[in-house]
Amino acid sequence: MSEDVTLRCQYASFLTDYSSEYGTQGSSTYDASNVLGAPGSYINGSTYGDHVSSLVFRTYGHYWNILPFHKEYQPIGHQPDWFAASDFIELQFDEAVYPTDIRVYETFCPGGLVRILISDLGTEIPEGTPHLSRWKLLWSGSSFKGEHIYTVATPKLPKHNKNSFATRRLRLEFDGKLAEYYHELDAVELVGHPWTRGIKASEYLKKRIKNAVSVSVPTNMLKNLKIDTVKQAPQQKTDVEPNVAQSDEPEIKVNYFDKLPHEIIEMIIGYIKDLGHRAQVARVCVLFHKIVTDETAIKELNLKPFYTKITGDALSKITSCYSLAITKLDLSWIGYEHGRINGKLAIEGIKSLSNLEELRCRNCQSFVHDRFLSYLPVHCPKLKLLDLFRCKDFSLSTLKPLKNLEYLDISQCSDVIYHGHVNLESEDPEESFFTSCHKMKWFFMGRSSHHMFGSQPSGTIAELITRDMIQNCKEIHGVNFWRQRGIGQIFPEFIKKFGSTLKYLDLGWTGLHQSPSSLNPKNFWSLLLGSCPKLEYLALTSVNMRMDDEDITNFAKYCPNLEQLDLLGVRGFSDIGLHGLLSGCKNMKFLDLSYGKTSVETVAQLQEIYPHCDIKHVPTILEANKALRRARGLDPDDLDAGESTDEYVF
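### Overview of the overall build of the protein chain
Along the protein chain, the regular secondary structure elements total 18 helices and 25 strands. Within the span of the protein chain, comprising 650 residues, buried residues form 54% of the whole. Considering only residue pairs separated by 6 or more positions, the protein chain has 79% of its internal contacts joining residues 24 or more positions apart. Total accessible area on the protein chain is roughly 29,100 Å²; 50% of this is exposed by carbon and sulfur atoms.

As structure tokens, then:
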């Protein structure tokens, strides 16, 4: 390809996959699809700030990793240093190009981009040429706390990247743990040389094979995972000169590992947590191979970092090797679109895990369906935790045989079929999900969509699920109702039943202010605070219930263990009430006061007096943007986005 070919600049035209979104399904507000097309905020003259027309992921910061349920259910397995992603988006462009630049338009709290991968899926290639890759790493870096200014992130791509090929599909991974607030994306631009039509298939394939790191399955990582056999190194022949006298005494070979207790060697190798590194250790010698492949060597297995490489065959071999020991398994992101793990292979992977207690399958839409879920009670009867975040098209009734289930996450799932109380007067107990799963303690259904099986009684499905929970569960430690409308009528009954055991409660965007008059502000705060003495996390995002100084001060009186409180959009209290809250809640680590009536000056004073609490406040962040513009000699109120744009080379 000649070097003088005109570069193609194009914005994403299709969203093929994403990890999470803050917006509501079917709405354009903070929706993942907002990243498509040209950067609207940039072109329309808006500068740095919180824009509803941006893509916003569900979480940010490190506080999401210290929620109450993490004390009982820690992240599974080891997370390698090279993998830090917590969110991703997968985009498709109209024309395949050889990438030279990738520009990510960040409207708010930039700095989260950590990896860029490319794929030839969906790319036109010469007839008869196989698709040699799934996802190849194009660029990687570290997240950082970016400056408060509209940013065009331009990772510096290598000029001669051995993984590069013509592509029209990108996968961008983000790590938001250092973000001060929600990381927002406006658009993604792909720049590169166009793919040359008419090239011969043999020439194309030859170039691909020459440049690719690995062009066949299994990849290098999976080759290392083939630890079922160990080849002994052949003995080297040495030519001994005839005039050199040879000793009659036999050579003594000392294996110093034989002098160590076996338990010590196991302990040393046990410090090697990375799965790929353990596979390499297993290839050193027979002794190491025996220790690494011991069926009790791995109890927790995290395959999420290897989602681009793991195959069904590798999954089956790994899980069968440690079948008796594995109690926790993370398959998140492995079941992505066009991934190598389908339903049949996933079933084979879990068939031997009879002692499995925790299973995470976040964003695994390719294999999480009723057939896969129906195998869990048969092969994994001890399962206590099941994470199905952003999966789709399955029925809750499939999980009813999991009698020991204590934790279920179906947040952001779509088309979940609920077999509930079709007729509350003459219900069949076997039809209820929580009748069987009555040990449930943590239930997350934030922004999930459901379908009722059979005739639907009055009330929303979220209300019916909550009623089912009230009638059958003994104690609930945490519930996520985020963006579930219509629970207002049943909420008082829910709090009276489970308030004494609740540690985590998310009521964000539930529209409780639209509930019956029995839930007026005074009744609501009195009921909530007086019933939940163990609360550690409470999200009241945009509940639109007026809260006065007495109400907010009562948090310290009735909920002394409170650590995180989200009051975004809540109004009615003054500086006096905030002082009462923060002085009384000694364990408070996180407080969101955005979009209320609290001033920037008040937040600055509170942050200085109570440094133990991280106070989030969007106007304060925007004020930092103005200060930065002043420091650079720019008008802080000028809406010319061209001046405020800063290009970062990672």
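### Focus on unusual backbone geometry
Of note, the phi angle at tryptophan 333 is positive, near 75 degrees, even though the residue is not glycine. Notably, glutamine 412 is not glycine yet its phi reads approximately 55 degrees, a positive angle. Take glutamine 412: its relative accessible area is 4%, and that puts it in the buried class.

### Concerning the layout of surface pockets
By volume, the largest pocket is sized at about 1,200 Å³. Grouping the constituent residues of the lining of the largest pocket by class yields 17 nonpolar, 19 polar and 11 charged.

### Describing the sheet that holds strand E12 (residues 358-360)
Sheet strands line up and pair through hydrogen bonds in the backbone, either parallel or antiparallel. With respect to topology, 12 strands assemble into an open sheet ordered E10-E11-E12-E13-E15-E17-E19-E20-E21-E22-E23-E24, the strand pairing being parallel. Both outer strands of the open sheet, strand E10 (300-302) and strand E24 (614-616), are each paired with one neighbouring strand and no more. With strand direction ignored, the average angle separating the axes of adjacent strands in the sheet is 5 degrees. Here 3 bridges tie strand E13 (residues 385-387) to strand E15 (residues 407-409), and the two strands are oriented parallel to one another. From the neighbouring strand, leucine 385 faces E15, where its bridge partner is tyrosine 407.

### Focus on a negative patch on the surface
On the surface, Glu263, Glu266, Asp294 and Glu295 cluster together into a patch of negative charge. Relative to the elements of secondary structure, aspartate 294 occurs in the loop between helix H6 (286-292) and E10.

### Considering the side chain of aspartate 330
Turning to its location among the elements, aspartate 330 is positioned in strand E11 (residues 328-330). One buried charged residue, aspartate 330, forms no salt bridge at all, with the nearest opposite charge on arginine 360 at 4.9 Å. Among the polar contacts made by the side chain of aspartate 330, one reaches the side chain of serine 332 at a distance of 2.7 Å. Ignoring anything within four residues of it in the chain, the contact list for aspartate 330 reads Ile76, Leu301, Asn302, Leu303, Lys304 and Arg360.

### So, the nonpolar core
In this structure, Phe372, Phe494, Leu505, Leu540 and Phe555 are the most contacted members of the largest nonpolar core, which totals 118 residues. Among the elements that line this core, the one with the most residues is helix H11 (residues 461-472), at 6 residues. Formed by 31 residues, the second largest nonpolar core is a distinct cluster that contains Phe69, Tyr73, Tyr504 and Val618.

### Some details on the environment of histidine 450
With respect to the helices and strands, histidine 450 occurs in strand E18 (residues 450-452). Of the residues examined, histidine 450 reaches a relative accessible area of 12% and is grouped as buried. Through-space distance from the C-alpha of histidine 450 to that of phenylalanine 394 is 9.8 Å; in sequence the pair is 56 residues apart. Sequence-distant contacts of histidine 450, defined by excluding residues within four places in its chain, comprise Ile410, Val416, Met445, Ile461, Ile465 and Gln484.

### Remarks on the pattern of salt bridges
This model, assessed by the stated rule, comprises 23 salt bridges. Across the pair glutamate 90 and arginine 171 runs a salt bridge, and its minimum N-O distance is 3.1 Å. Separated by 81 residues along the polypeptide, glutamate 90 in strand E4 (residues 87-108) and arginine 171 in strand E8 (residues 167-174) bring together distant segments of the chain. Taking the shortest distance from any N to any O, the salt bridge between arginine 467 and glutamate 463 comes out at 3.5 Å. With arginine 467 and glutamate 463 both in helix H11 and 4 residues apart, the pair spans about one turn of that helix.

### Points about the side chain of arginine 115
Within the fold, arginine 115 resides in strand E5 (residues 113-119). A polar contact of 2.8 Å, which involves the side chain of arginine 115, links it to the side chain of glutamate 173. What arginine 115 contacts, discounting residues up to four positions off in sequence, is Trp82, Phe83, Leu137, Trp139, Ser140, Arg171, Leu172, Glu173 and Tyr307.

### A look at the packing of helix H15 (residues 575-584) against helix H16 (residues 600-609)
Pairs of packed helices are described in terms of their axes, by the angle between the two and the distance that separates them. The interhelical angle for the contact between H15 and H16, taken along N-to-C directions, is 20 degrees, at an axis separation of 11 Å. When the axis of H15 is compared with that of H16, the two are roughly parallel. You can see that H15 and H16 cross each other, and the crossing is right-handed. Contact with H15, carried on its side by Asp575, Leu578, His579 and Leu582, involves Thr602, Leu606 and Ile609 of H16 and no other residues of that element. Residues of the contact of H15 with H16, tallied by class, amount to 4 nonpolar, 2 polar and 1 charged.

### A short note on helix H8 (residues 343-350)
The periodicity of an α-helix, 3.6 residues per turn, causes residues three or four positions apart to be oriented the same way. Listed in full, the buried residues belonging to H8 are Gly343, Ala346, Ile347, Gly349 and Ile350. Each buried residue of H8 lies within a common arc of 160 degrees when the element is viewed along its axis, so the set occupies one face. Sitting at the amino-terminal end of H8 is asparagine 342, which places a side-chain oxygen 3.3 Å from the backbone nitrogen of lysine 344.

### Re empty space enclosed by the protein
Throughout the structure, instances matching the rule amount to 6 cavities of 30 Å³ or more. Computed from the structure, the largest cavity encloses a volume of approximately 100 Å³. As for the largest cavity, its lining consists of Tyr60, Tyr63, Trp64, Tyr182, Tyr537, Gln564, Asp566, Phe590 and Asp592. When residues of the lining of the largest cavity are traced back to their parent elements, those giving at least two are strand E22 (564-566) and strand E23 (590-592). Across the lining of the largest cavity, the residue classes tally to 6 nonpolar, 1 polar and 2 charged.

Cut-off values and rules
- Residues numbered from 1 in each chain as written.
- Predicted model: local features only at pLDDT ≥ 70, side-chain atom pairs only at ≥ 80, totals over all residues.
- Heavy atoms only, no water.
- Helix = DSSP H or I, 4+ residues; strand = E, 2+ residues; numbered from the N terminus.
- Buried < 20%, exposed > 50% of the residue type's maximum accessible area, 1.4 Å probe, protein only.
- Contact = heavy atoms within 4.5 Å.
- Areas by Shrake-Rupley, 256 points an atom, 1.4 Å probe, with all protein chains shown as cover.
- 1 Å grid on protein atoms, 1.4 Å probe; cavity = no way out; pocket = protein on both sides within 12 Å on 5 of 7 lines; lining within 4 Å.
- Points joined across faces, edges and corners; volume = space filled by probe spheres on them.
- Nonpolar A, V, L, I, M, F, W, Y, C, P; charged D, E, K, R; others polar.
- Pairing = 2+ DSSP bridges.
- Axes fitted to C-alpha atoms, helices over the stretch in contact; angles between N-to-C directions.
- Patch = residues over 30% accessible without salt bridge, like charges linked within 9 Å, V, L, I, M, F, W, Y side chains within 5 Å.
- Salt bridge = Lys/Arg side-chain N within 4 Å of Asp/Glu carboxyl O.
- Lys, Arg positive; Asp, Glu negative; His and termini not counted.
- Charge placed at Lys NZ, Arg CZ, Asp CG, Glu CD.
- Polar contact = N/O pair within 3.5 Å; in protein donor to acceptor, adjacent residues only side chain to side chain.
- Core = buried A, V, L, I, M, F, W, Y, C linked by side-chain atoms within 4.5 Å.
- Parallel < 35°, antiparallel > 145°, perpendicular 65-115°, else oblique.
- Left-handed = near helix turned anticlockwise from the far one by under 90°.
- Arc of directions from axis to C-beta.

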